[in-house]
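The residues making up each chain are set out below.
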Amino acid sequence: MVNHAELLDDFEFTKLIEVPAEGQSGGMVMMWNHEIVSVHNAVRRNQEIHATIEIWINRNNNNHNNTDFPININHIIQKAIEFTFLTEKGPNTCTKIPIQIKWNKPPKGWFKLNIDASFKNHNEKTGIGGIIRDTYGNWIVGFAKTTQATGSLHAEIKALMEGLKTTQEWGMFPLEIETDTTEVVHAPTEGDPRAHLQARE
């Protein structure tokens, strides 16, 4: 840990307590002027220092920001426990799970259409796009455009309709379609009234 003693004069402090870094957290330093603040029986473990800082922040807000918040002991203890949990030493307990993401080719002699859409609720603006590849993964044609939609499902349906229009124009059949929206996939068989109304548009 860097020696912070030289900062005492720069900030007109006279005393300091340092706690070195632990785990994934940086160290902490408390500095004060003993002529203004009296500190007795200071414990130099990071939990106690962290709790002291929380109390100090609460006090400064009350004194300088015109607040009147009482000291919440439960909140301070919770913060100190959280700090200890996040900075405790030991091996990283996070388990990384590899996920294989790949494009699955269609049957031989087929084409594949992948579509997607994004929807902004505040202005009903949506972006739609798609790409068509052959059975070897070769890019044949793609499309992207902005349009209006009444919802995310409507946007996905518009992407599907634009993809089918492009496919028909290029004569790319037979065709396999892939989308990440299950509602679009199941709507024709489950009779989703929203899908039928929006598709008719």
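Higher on the page you've got the structure.
Attention in this report is confined to the structure presented alongside it. All figures in this text were calculated on a predicted structure; none of them were measured in a lab.

The rules behind each value
Residues numbered from 1 in each chain as written. Predicted model: local features only at pLDDT ≥ 70, side-chain atom pairs only at ≥ 80, totals over all residues. Heavy atoms only, no water. Helix = DSSP H or I, 4+ residues; strand = E, 2+ residues; numbered from the N terminus. Buried < 20%, exposed > 50% of the residue type's maximum accessible area, 1.4 Å probe, protein only. Contact = heavy atoms within 4.5 Å. Areas by Shrake-Rupley, 256 points an atom, 1.4 Å probe, with all protein chains shown as cover. Phe/Tyr/Trp six-rings, centres within 6.5 Å; stacked < 30°, edge-to-face > 60°. Patch = residues over 30% accessible without salt bridge, like charges linked within 9 Å, V, L, I, M, F, W, Y side chains within 5 Å. Salt bridge = Lys/Arg side-chain N within 4 Å of Asp/Glu carboxyl O. Pairing = 2+ DSSP bridges. Axes fitted to C-alpha atoms, helices over the stretch in contact; angles between N-to-C directions.

Structural notes on the overall build of the protein
Scanning the protein from terminus to terminus reveals six helices and six strands. For the protein, the sequential pattern of α-helices and β-strands runs α-β-β-α-α-β-β-β-α-β-α-α. Put simply, the protein has 201 residues, and 29% of those count as buried. Excluding contacts between residues fewer than 6 apart, the proportion of contacts in the protein whose partners are at least 24 apart in sequence is 48%. Accessible surface, the protein: about 14,600 Å² in total, of which carbon and sulfur atoms supply 53%.

Observations regarding the packing of aromatic side chains
Given two aromatic rings, one states the distance between the centres and the angle between the planes to describe the pair. A full pass over the atoms with the stated rule returns one aromatic pair. Considering the side-chain rings of Phe11 and Phe13, the 6.4 Å spacing of their centres and the 25° angle between planes classify their relative orientation as stacked.

A closer look at a nonpolar patch on the surface
A surface patch of nonpolar side chains, amounting to about 450 Å² of accessible area, comprises Ile55, Ile71, Ile73, Ile77 and Ile81. Considering each element in turn, the nonpolar patch owes the most residues, three residues, to helix 3 (residues 73-87). Mapped onto the elements of the fold, Ile55 is located in helix 2 (residues 46-64).

Focus on the sheet that holds strand 4 (residues 125-134)
Strands sit in the order 5-4-3-6 across an open sheet of four strands; the sheet is mixed. Only two strands of the sheet have a single partner each, and these edge strands are strand 5 (139-148) and strand 6 (175-178). The average undirected angle you get between the axes of adjacent strands in this sheet is 15°. In terms of strand pairing, strand 3 (residues 111-120) meets strand 6 through four bridges, oriented parallel. When the bridges of strand 6 are listed, Lys112 appears paired with Glu176. Against the sheet, helix 4 (residues 152-170) contacts strand 3, strand 4, strand 5 and strand 6, and its axis sits at roughly 145° relative to strand 3.

A closer look at unusual backbone geometry
Cis rather than trans, the peptide bond between Phe173 and Pro174 has omega equal to 0°. Position of Pro174 among the secondary structure elements: in the loop between helix 4 and strand 6. Positive phi, close to 60°, is recorded for Glu12, a residue that is not glycine. With respect to the helices and strands, Glu12 occurs in the loop between helix 1 (7-10) and strand 1 (15-19). Note on Glu12: relative accessible area 64%, which makes it exposed. Phi is positive for Glu124, which is not a glycine, with a value near 55°. Residue Glu124 is classed as partly exposed on the basis of its relative accessible area of 39%.

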